[in-house]
Amino acid sequence: KNQVEQSPQSLIILEGKNCTLQCNYTVSPFSNLRWYKQDTGRGPVSLTIMTFSENTKSNGRYTATLDADTKQSSLHITASQLSDSASYICVVRRRSSGTYKYIFGTGTRLKVLA
Amino acid sequence: GAVVSQHPSRVICKSGTSVKIECRSLDFQATTMFWYRQFPKQSLMLMATSNEGSKATYEQGVEKDKFLINHASLTLSTLTVTSAHPEDSSFYICSARDPNRDPGQQETQYFGPGTRLLVL
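Residues numbered from 1 in each chain as written. Chains lettered and ligands numbered in written order. Predicted model: local features only at pLDDT ≥ 70, side-chain atom pairs only at ≥ 80, totals over all residues. Heavy atoms only, no water.

## Re the interface of chain B and chain A
The condition is simple: Working rule for contacts: check all heavy atoms of both residues, and any pair within 4.5 Å makes them a contact. Here the quantity called buried area is the total loss of accessible area, with a 1.4 Å probe, experienced by two parts when brought into contact, counted for both. The term salt bridge refers to a pairing of a side-chain nitrogen on Lys or Arg with a carboxyl oxygen on Asp or Glu at a separation within 4 Å. Any N or O atom pair separated by 3.5 Å or less is treated as a polar contact, with the protein-specific requirement of one donor-capable and one acceptor-capable atom, and with residues adjacent in sequence counted only for side-chain atom pairs. Note on conventions: DSSP H or I runs of at least 4 residues are helices, E runs of at least 2 residues are strands, and numbering of each starts at the N terminus. Each residue is assigned to one class: nonpolar for Ala, Val, Leu, Ile, Met, Phe, Trp, Tyr, Cys and Pro, charged for Asp, Glu, Lys and Arg, and polar for all the others, Gly among them.
Between chain B and chain A, the contact holds 19 residues from the first and 19 residues from the second. Carbon and sulfur atoms make up 46% of the surface buried where chain B meets chain A, a total of about 1,600 Å² over both sides. Two residues, Lys101 of chain A and Glu59 of chain B, come together in a salt bridge whose shortest N-O distance is 3.1 Å. Counting across the chain B and chain A interface gives 5 residue pairs in polar contact (both at pLDDT 80 or more). For the side of chain B that touches chain A, the secondary-structure elements that each account for two or more residues are strand 4 (32-38), strand 9 (90-97) and strand 10 (109-111) of chain B. Of the residues contributing to the side of chain B that touches chain A, the split by class is 7 nonpolar, 7 polar and 5 charged.

Dropping the structure here:
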């Protein structure tokens, strides 16, 4: 079954600390994996995209990793800021008979406290 | 660039009425738009894929007669919730693809800010 699971479900950290969010997937065949940031009451915004051959990719204080063998990805946030408080969603794109399907994870809700 | 807008941002309606939500790509032409629904503390659920000039493709379990989708131009798609009921209350989000912005096949989806629907 094609699924994307994220952990933890929610996380509270202090401003300035680092954190790592996890994404495990069983989607096949794999096309790519994206991490999105969704502020409350807003649409998701893409942070990074990982293809099969990529192991790590950074976007400012966000660093995503991908292990295609174990089907795991992580999103590391460095020196967190209050504005990082949001939901982070892992989305895996699956190839299916010439078309693409997007499988969404349930997200990790991050709260950064001052 | 790659801005997607939605209107309205918030709507309250009475049970039994119909509500139309607009999704616009402001600075690019979107041949494909997606409509999602998101319940509190849950992830986005794809409702349908909308292709300009053709009928929308609905996901399993989504009633096409209840959620009418029209994609009449390359910059506008509309979702009409017909005969709305309280259980239709949700956060509706659209996204659009810009095939000219992502060479190759990565096809970034650009999401709108969402529309919160409350049916009383």
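From this point on, the discussion continues.
## What to know about the sheet that holds strand 7 (residues 67-73) of chain B
All names here are of chain B. Formally: Strands were regarded as paired on the criterion that DSSP finds at least two bridges between them. As a rule, the C-alpha atoms of each element are fitted with a line to give its axis, helices using only the stretch in contact, and angles between N-to-C directions run from 0 to 180 degrees.
Pairing in this open sheet of 4 strands is antiparallel, and the strands run 1-3-8-7 from one edge to the other. At either margin of the open sheet sits one strand with a lone partner, and together these are strand 1 (4-7) and strand 7. Within the sheet, the average angular offset between the axes of one strand and its neighbour, ignoring direction, is 15 degrees. One ladder, built from 5 bridges, connects strand 7 with strand 8 (residues 76-81); its direction is antiparallel. Bridging across to strand 8, Ile69 finds its partner in Leu79.

## Notes on the sheet that holds strand 8 (residues 72-77) of chain A
All names here are of chain A. The strand order 1-3-8-7-6 describes an open sheet built from 5 strands, whose pairing is antiparallel. Across the chains shown, the open sheet's two edge strands, defined by having one partner strand only, are strand 1 (4-7) and strand 6 (56-59). For this sheet, the mean angle separating the axes of adjacent strands, direction not counted, is 15 degrees. Sheet topology places strand 3 (residues 19-25) next to strand 8; 6 bridges connect them, and they run antiparallel.

## Side note on the state of the cysteines
For clarity, the cut-off: In this description, the term disulfide denotes a pair of cysteine sulfurs within 2.5 Å. Here the term buried applies to any residue with accessible area under 20% of the maximum for its type, exposed to any over 50%, and partly exposed to those in between, with areas from a 1.4 Å probe on protein chains only.
Taken as a whole and judged by the stated rule, the model has 2 disulfides over all chains. Covalently, Cys23 of chain A is tied to Cys90 of chain A through a disulfide, its sulfur atoms 2.0 Å apart. Between Cys23 of chain A and Cys90 of chain A the disulfide shows an S-S torsion of about -65 degrees. By sign, it is left-handed. Of this pair, Cys23 of chain A sits in strand 3 while Cys90 of chain A sits in strand 9 (residues 86-96), and the two are 67 residues apart along the sequence. Side by side, Cys23 of chain A and Cys90 of chain A carry an identical accessibility label, which is buried. Between the sulfur of Cys23 of chain B and that of Cys94 of chain B lies a disulfide, 2.0 Å long from S to S. Looking down the S-S bond of the Cys23 of chain B and Cys94 of chain B bridge, the torsion is 80 degrees, so its handedness is right-handed. Taken together, the positions of Cys23 of chain B in strand 3 (residues 19-25) and Cys94 of chain B in strand 9 put the pair 71 residues apart, joining distant regions of the chain. Judged by relative accessible area, Cys23 of chain B falls into the buried class, the value being 0%.

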